[in-house]
Amino acid sequence: MKIGFIGPGGTGKTTTMDLLQDLLFLERIPSVVRPILLRHHLDEESMSRLSSEDRWKIQNEMFEARMELELSLGSRHTMTDRTLLDHAAYCFYYSANVIPDEIASRMLLDVRKVLETYDKLFYFPLGLFIPPNDGVRKQQYAYQMTIDFIMRGILRRVALGQYVVPAGSPEERASWVRKCVMNLDT
C-alpha cells in the first residue's frame, strides 16, 4: 500500500502523519526539500529573492530528487507527506517564467505516472491547520493560497481522485485518514 499526502506547506500533513505512527506496515518517506534547502543555505523566504533561473535550478533539483526517490520505492508500503505533485506546484510557483514548455509538460506526465502508483491520495486544503513557525516554511497566507490553487489545478489536470481531508483537530483528521486507509473500499 502506498499513501500520499498532498497540500501546501502548513496544512497539517506532517502532523497528521506523525499521528498515524500506528500504521507500522507503512514506511515513512522523508521529504527531499529540507536537505536541499539547507545545502543551499536557503529557506522559502530567501528562495523568493533569487533570480528566476536560480530558483528553477533549485526547484528542479528538488523535483528530480523526488522523482528519483519515487522510482526507487518500487512496491514498498509507504506513506509520505509530500508527493511529486507538491514539488511540481512549487516549481511552477517559483519558476513558471523560465520553465520550457516541453519540460513543464513532461513534469505533468511524470506527476500523473507517479501518482497512479499510490493507493490513496489525501489532499489537505489550506485553512484547516495553523502551523508553527519552523524557520523554513513561508507563513504568508496569500503565498499558501497560491500554492493551494496551483496544486488543485494540477490535480484537475492529471485527473486523479483523492480524498479531501475534512476540517477538525489533527487527531480527528488522523482518525479519518486511518479509517480511509484501513477500508480500501472507502
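The notes below deal with the structure included here. Every chain begins its residue count from 1, and numbering advances along the sequence as written. Only residues with pLDDT of 70 or above have their local features reported here, since the model is predicted, and side-chain atom pairs are shown and tallied only from 80 upward, although totals for entire chains, interfaces and linings are computed over all residues. The basis for every side-chain value is the complete set of heavy atoms in the structure, and neither hydrogens nor water enter the calculation.

**Brief notes about the overall build of the protein chain**
Then comes step 1: Each helix and strand in the protein chain was counted, giving 8 helices and 5 strands.
Then comes step 2: A run of DSSP states H or I qualifies as a helix once it reaches four residues; a run of E qualifies as a strand once it reaches two. Both are numbered from the N-terminal end. Sequence-ordered secondary structure for the protein chain, helices as α and strands as β, is β-α-β-α-α-α-β-α-α-β-α-β-α.
Then comes step 3: The globule rule used for comparison is 2.2 Å times the number of residues to the exponent 0.38, while the radius of gyration itself is calculated over C-alpha atoms. Here the C-alpha atoms of the protein chain give a radius of gyration of 16 Å, agreeing with the 16 Å that 2.2 N^0.38 yields for 186 residues.
Then comes step 4: Along the longest, intermediate and shortest principal axes, the C-alpha atoms of the protein chain span 45 × 35 × 30 Å.
Then comes step 5: Evaluated residue by residue, the protein chain yields a buried proportion of 49% over its 186 residues.
Then comes step 6: Pairs at least 24 apart in sequence give 79% of the contacts found in the protein chain among residues at least 6 apart.
Then comes step 7: Averaging the positions of the 23 positive and the 24 negative side-chain charges in the protein chain gives two centres separated by 2 Å. Exposed residues in this analysis have more than 50% of their type's maximum accessible area, buried residues have under 20%, and partly exposed residues fall in between, with area computed by a 1.4 Å probe over protein chains only. The contact rule is simple, with two residues in contact once any of their heavy atoms fall within 4.5 Å. The charge count includes Lys and Arg as positive and Asp and Glu as negative, but it does not include His or the ends of the chains. For this purpose, a charge sits on NZ of Lys, CZ of Arg, CG of Asp or CD of Glu.

**Describing the environment of Gly 161**
Then comes step 1: Among the structural elements, Gly 161 can be located in the loop between helix H7 (141-158) and strand S5 (163-164).
Then comes step 2: The exposed category is assigned to Gly 161, whose relative accessible area is 63%.
Then comes step 3: Separated by 84 residues in the primary sequence, Gly 161 and His 77 have C-alpha atoms spaced 20 Å apart.

**Remarks on unusual backbone geometry**
Then comes step 1: Positive phi values are uncommon outside glycine, yet His 41 reaches one of about 55°.
Then comes step 2: Take His 41: its relative accessible area is 72%, and that puts it in the exposed class.

**A word on the packing of aromatic side chains**
Then comes step 1: Aromatic rings from Phe, Tyr and Trp, with only the six-membered ring used for Trp, were paired whenever their centres fell within 6.5 Å, and each pair was classed as stacked if the ring planes differed by under 30 degrees, edge-to-face if by over 60, and tilted otherwise. Here the structure, examined in full by the defined rule, presents 8 aromatic pairs.
Then comes step 2: Each ring, one from Tyr 163 and one from Trp 176, has its centre 6.1 Å from the other, and the planes form 80°; the classification is edge-to-face. Linking Tyr 163 in strand S5 with Trp 176 in helix H8 (residues 170-182), this pair joins segments that are 13 residues apart in sequence.
Then comes step 3: For Tyr 163, a relative accessible area of 19% gives the class buried.
Then comes step 4: Joined through ring pairs, the aromatic side chains of Phe 5, Phe 122, Phe 124, Tyr 163 and Trp 176 make up one cluster.
Then comes step 5: Above the ring of Tyr 118, the side-chain terminus of Lys 2 is found at 4.5 Å from the ring centroid. We count a charge as sitting over a ring when the NZ of a lysine or the CZ of an arginine lies within 6 Å of the ring centre and within 35 degrees of the ring normal.

**Digging into the pairing of strand S4 (residues 120-123)**
Then comes step 1: With burial as the criterion, each face of S4 is covered, one bearing Lys 120 and Phe 122 and the other bearing Leu 121 and Tyr 123.
Then comes step 2: In terms of strand pairing, strand S1 (residues 2-6) meets S4 through 4 bridges, oriented parallel. Residue pairing in the sheet places Ile 3 in a bridge with Lys 120 of S4. By definition, two strands form a pair when at least two bridges between them are found by DSSP.

**Regarding the sheet that holds S4**
Then comes step 1: One open sheet accounts for 5 strands, arranged S2-S3-S1-S4-S5; its pairing is parallel. Each of the sheet's edge strands pairs with one partner strand only, and the pair in question is strand S2 (27-29) and S5.
Then comes step 2: Sheet contacts for helix H4 (residues 52-73): S1, S2 and strand S3 (78-80); angle to S2, the most-contacted strand, approximately 160°.
Then comes step 3: The angle between two axes is taken between their N-to-C directions and runs from 0 to 180 degrees, where each axis is a line fitted to C-alpha atoms and a helix contributes only its stretch in contact. Contacts from H8 reach S1, S4 and S5, with the element oriented near 160° to S4.

**A word on helix H6 (residues 101-115)**
Then comes step 1: Taking 1.5 Å of rise per residue, the 15 residues of H6 would be expected to cover 21 Å, and the 21 Å separating its terminal C-alpha atoms lies within 8% of that figure.
Then comes step 2: Every buried residue of H6 is listed here: Ala 104, Met 107, Leu 108, Asp 110, Val 111, Val 114 and Leu 115. Each buried residue of H6 lies within a common arc of 160° when the element is viewed along its axis, so the set occupies one face. Seen from the open side of H6, the exposed residues pointing more than 90 degrees away from its buried face are Asp 101, Glu 102 and Leu 109. To estimate how far a helix should reach, multiply one less than its number of residues by 1.5 Å. To obtain the arc, one takes the directions from the helix axis to the C-beta atoms.

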